[in-house]
Amino acid sequence: MATTINSETIKRLANEVGEDTVSLLLNVFSDELEQYSKQLSNHPSVDQIGEISHAIKSSAASFGADDLALMAQECEYRVKQGQDDWMIDHLSEFRQMVEGMVVEYKQLAGSNELINRML
């Protein structure tokens, strides 16, 4: 599943914290996602998936990972509803989405040119 980074969110973030700080924050976010990706790869319980999805939901929205935020919201909802089978069936998709966003945000954070294109 291909996801994109919402450039309007990155612009807003740059306006709030300054362009120089955006790269640093994007690195922190990608590192955070990388940790969640590892946790999701480690055969987490459904409750752990719920906790991870809750944590990802807000930060993903704050950094313009809108598709990931929606997926995390859906996962969190399904866990709260006790729909364990749904969550197990979609864990691979969720994990792949997180892994994809790690790559995209690391690339973005490492390239002032890419960041400037968004601004």
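Please refer to the structure placed before this passage.
Residues numbered from 1 in each chain as written. Predicted model: local features only at pLDDT ≥ 70, side-chain atom pairs only at ≥ 80, totals over all residues. Heavy atoms only, no water.

Participant: An account of the packing of aromatic side chains is needed here, citing residue identities and associated values.
Facilitator: Within the structure shown, the criterion is met by two aromatic pairs. Between the aromatic rings of phenylalanine 29 and phenylalanine 63, the centroid separation amounts to 4.6 Å while the plane-to-plane angle is 10°, which identifies the pairing as stacked. In this pair, phenylalanine 29 sits in helix H2 (residues 19–41) while phenylalanine 63 sits in the loop between helix H3 (46–62) and helix H4 (66–80), placing the two residues 34 residues apart along the sequence. Exposure remark for phenylalanine 63: the relative accessible area of 14% places this residue in the buried category. Three or more aromatic residues joined by ring pairs make a cluster, and in this case those are Phe29, Phe63 and Tyr105. (Phe/Tyr/Trp six-rings, centres within 6.5 Å; stacked < 30°, edge-to-face > 60°. Helix = DSSP H or I, 4+ residues; strand = E, 2+ residues; numbered from the N terminus. Buried < 20%, exposed > 50% of the residue type's maximum accessible area, 1.4 Å probe, protein only.)

Participant: Could you give me a rundown of H3, with the residues and numbers involved?
Facilitator: Spanning 17 residues, H3 covers 25 Å between terminal C-alpha atoms, matching the ideal 24 Å at 1.5 Å per step. Buried within H3 are the following residues: Val46, Ile49, Gly50, Ile52, Ser53, Ile56, Ser59 and Ala60. Elements that come into contact with the buried residues of H3 comprise H2, H4 and helix H5 (84–109). Remark: glycine 64 follows H3 within two positions and exhibits a positive phi of approximately 80°. (Expected span 1.5 Å × (residues − 1). Contact = heavy atoms within 4.5 Å.)

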